[in-house]
Amino acid sequence: MATDRRNREERATLFLAPAGITLSAVMLFPAVYILWLSLERRSLIFGTPQFIGFDNYLRLAHDPQFWNALVNTVYFTVVSVQGELVLGLLMALLLRRPFRGRGLLYAIILIPWAIPTVVSARMWEWLYNADFGVLNYLFQARINWLGNPVWALHAAIAMDVWKSTPFVALLLLAGLQSIPRELYHAAAVDGASRWTMFRRITWPALLPLILVVLIFRTIDAFRVFDSIYVLTGGGPGSSTETVSIYAYKLLFQTLEFGYGSAVAVAILMSVALATVVYAWLLRRVSP
Amino acid sequence: MRSAARGLALVLVALYSLAPFLWQIVTSLKPAHELTSLPPLLPSRIEFASYLAIFSDSPLLRAVVNSLIVAGGTTLLALVIGALAGFALARLRVRRRAAILAGVLVVSMFPPIATVSPLFLLLNALGLHDTLLALILTYTTFSLPLAIWLLTNFFRSIPEELYIASRVDGCTPFQSFYRVMLPLASPGLAAAALLVFIFSWNEFLYALSFTATTASRTVPVAIALFPGLHEVPWGDIAAASVVVTLPLLVLAMVFHRRIVDGLTAGAVKG
């Protein structure tokens, strides 16, 4: 009996080995190695790496460009995730009851999510074009959407909201559909208004899922790279530079591999911190 | 009245999702000189010049082939590795199963930028810089957490009696996996395959960092670095966007139910 059990465990190990090896080699090893890289002065091309302890992190603490990027990233994340959540919830509530052509509409709202981010950035770049863009025509305005620091960051946010709202809506819709109908029937019998039903039934039932969606979207928005890199390249100036774009530029444009790695570690730590906070919140609201 | 308002809102939702892409299609069909004419409305006639241009004189075709190889290879590898692991986690005796699943979830939150620099050095040391294999390896790893989660859940939803019956009939665990469980799991495999394929087709940061020439550049890199010497070739970019997005739209249209199932499975059950 004991040998049988050990056999079964060994077989399970064989089944798990390919995944374990791949994840260790291509994910866990780099995650540890980057900690070491962040303690070095290292250029991508010339010179030999030199161990400099925590100097990169001291530099990070006093690097105005890093703090600018962090503020941009946090602002981008908070505003776009909130927008996506509100719009996504409205969309989910709208799609909740069956109607003719619901399957088609499902497929249509998947489109912004399915389009490659780089492609949507190029699409929006054209829509935002100051001279020939259709947005300025529709608004009868002459706004330099991508050339003005304040407009540019919000233009990037609007694009992200457009792309991610369907994802949020579909997740929330799945949550809405798992709420038992009887609850609403009972509330209707008791004469509850629609708003009361939403506040007393829908919202509490949906809250844990909303937090899960918040975790996904926050992490995703915080590491934003593709869309802004293509839309504005971080400009004008560094008004739309996010932490991922800053790290990328350090690594592959100014070739400061050690310092760029330290910035990347700081991003990893921020994401980890946000996840822990959300997980703690989730545990508190979950029944 | 109420249903009219609702219908209007539904139309607005559809427009919101479709309009930017429809505009890109209109742009791709405009004669070149009308791109910079105001007001920017519908073209006076439809021209396919932009489409001819991107396939005769740009690295786009090569990028499409590269992307097909990378996304196809990644999907295959991730599914094989993910199905093996998912089956073991769902039906075999695994010590610390919950810890393994939690660990997989944690690594899926990893920001890609935090592994770009060490992976760059690692792939260089292995002589894989600027190769498609480098991207396949990286993408496979980064889509494994999703594949493992989806497939573990799916294998769990298949009644355990079927597995036990096949074992009683004399199958080894691997035979039972291969002959009985895998065919039953095909809807789950399809959902995972779609999500992994779309992820690999769209990924940009690694593709930008690990490739250096058109020999290994994928579609997103080609679109981002679209050649334009003096002015931005908006018509060509629009045509390229339409071409590389169409396969995804077809997938989304045909398999939207599976994609939505796959997307929601993790979040709603977890």
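Residues numbered from 1 in each chain as written. Chains lettered and ligands numbered in written order. Predicted model: local features only at pLDDT ≥ 70, side-chain atom pairs only at ≥ 80, totals over all residues.

What follows covers the overall build of chain A. Helices and strands together make up the secondary structure of chain A, namely 13 helices and 2 strands. Principal-axis analysis of the C-alpha atoms places the extent of chain A at approximately 80 × 75 × 35 Å. For chain A, the residues scored as buried account for 43% of the 287 residues in total. (Helix = DSSP H or I, 4+ residues; strand = E, 2+ residues; numbered from the N terminus. Buried ≥ 20, exposed ≤ 12 C-beta atoms within 10 Å, placed from the backbone.)

This brings us to the overall build of chain B. Looking only at helices and strands, chain B has 12 helices and 0 strands in total. Its helices and strands taken in sequence order, chain B reads α-α-α-α-α-α-α-α-α-α-α-α from the N to the C terminus. If you line up chain B on its principal axes, its C-alpha atoms span 75 × 65 × 30 Å. Counting all 270 residues of chain B, 47% fall into the buried class. Put simply, 76% of the contacts in chain B that link residues at least 6 apart link residues at least 24 apart. (Contact = placed C-beta atoms within 7 Å.)

With 73 residues of chain B at the interface, the matching set in chain A holds 72 residues. When residues of the side of chain B that touches chain A are traced back to their parent elements, those giving at least two are helix H1 (2–28), helix H3 (60–91), helix H5 (113–125), helix H6 (132–157), helix H9 (186–202), helix H10 (205–210), helix H11 (219–224) and helix H12 (234–269) of chain B. Sorting elements by how many residues they give to the side of chain B that touches chain A places H12 of chain B first, with 17 residues.

Following the sequence through the fold, Ile113 of chain B ends up in helix H5. Spatially, the C-alpha atoms of Ile113 of chain B and Tyr206 of chain B are 8.5 Å apart, while their sequence positions differ by 93 residues. Non-local contacts of Ile113 of chain B, meaning those with residues more than four positions away in its chain, are made with Arg223, Phe225, Ser244, Ala247, Tyr248, Ala264 and Ile267 of chain A together with Leu205 of chain B.

Moving on, we come to the nonpolar core. Ala247, Val263, Ala264 and Ile267 of chain A together with Ala147 and Ala192 of chain B are the most contacted members of the largest nonpolar core, which totals 163 residues. Counting residues per element, this core draws most heavily on H6 of chain B, at 16 residues. When residues of this core are assigned to domains, at least three map to each of domain 1 (2–37) and domain 2 (55–285) of chain A. (Core = buried A, V, L, I, M, F, W, Y, C linked by C-beta atoms within 7 Å. Domains from an automatic or database assignment.)

So, on to the packing of helix H6 (residues 117–128) of chain A against H1 of chain B. Remark: H6 of chain A packs on H1 of chain B, axes separated minimally by 10 Å, with the N-to-C direction vectors making an angle of 75 degrees. Taken together, H6 of chain A and H1 of chain B sit at an angle that is classed as roughly perpendicular. Residues Met123, Trp124, Trp126 and Leu127 of chain A of H6 of chain A pack against Pro20, Phe21, Trp23, Gln24 and Thr27 of chain B of H1 of chain B. (Axes fitted to C-alpha atoms, helices over the stretch in contact; angles between N-to-C directions. Parallel < 35°, antiparallel > 145°, perpendicular 65-115°, else oblique.)

Attention now moves to the packing of helix H3 (residues 64–95) of chain A against helix H10 (residues 194–222) of chain A. Residues and elements named next belong to chain A. Two elements in contact, H3 and H10, have axes whose closest approach is 9 Å; the angle formed by their N-to-C orientations is 140 degrees. The two elements H3 and H10 meet at a crossing, and its hand is right-handed. Contacts between H3 and H10 pair Thr73, Phe76, Thr77, Ser80, Val81, Glu84 and Leu85 from the former with Ile210, Leu214, Arg217, Thr218, Ala221 and Phe222 from the latter. In the contact of H3 with H10, the residues fall into 7 nonpolar, 4 polar and 2 charged. (Left-handed = near helix turned anticlockwise from the far one by under 90°. Nonpolar A, V, L, I, M, F, W, Y, C, P; charged D, E, K, R; others polar.)

On the secondary structure map, Leu135 of chain B appears in helix H6. The sequence separation of Leu135 of chain B and Ala63 of chain B amounts to 72 residues, and the corresponding C-alpha distance is 13 Å.

The next point concerns the confidence of the model for chain A. Mean pLDDT over chain A: 89, with 96% of residues reaching 70 or higher. The secondary structure element of chain A with the lowest average pLDDT is helix H1 (residues 2–37) of chain A, at 82, and the one with the highest is H3 of chain A, at 95. (pLDDT = per-residue confidence, 0-100.)

A word on the confidence of the model for chain B. Residue and element names in this part refer to chain B. In this model, chain B carries an average pLDDT of 87, and 96% of its residues clear a pLDDT of 70 or more. Within chain B, H12 has the poorest average pLDDT of any element, 82, and H10 the best, 95. Interface confidence for the predicted complex, given as ipTM, is 0.89, next to a pTM of 0.90.

Further remarks concern unusual backbone geometry. Following Gly235 of chain A, the chain continues to Pro236 of chain A via a peptide bond in cis, the omega torsion being -5 degrees. With respect to the helices and strands, Pro236 of chain A occurs in the loop between helix H11 (226–231) and helix H12 (243–252). A positive phi angle, near 55 degrees, is found at Arg96 of chain B, a position not held by glycine. Checked against the element boundaries, Arg96 of chain B lands in the loop between H3 and helix H4 (97–107). Within the chain, Asp130 of chain B stands out as a residue other than glycine whose phi angle is a positive 60 degrees. Inspection of the secondary structure puts Asp130 of chain B in the loop between H5 and H6. Taking the number of C-beta atoms within 10 Å as the measure of exposure, Asp130 of chain B has 16 and is therefore partly exposed.

It is worth spelling out the environment of Ile215 of chain A at this point. By the secondary structure assignment, Ile215 of chain A is in helix H10. Residue contacts for Ile215 of chain A: discarding those within four places in its chain leaves Thr275 and Tyr278 of chain A.

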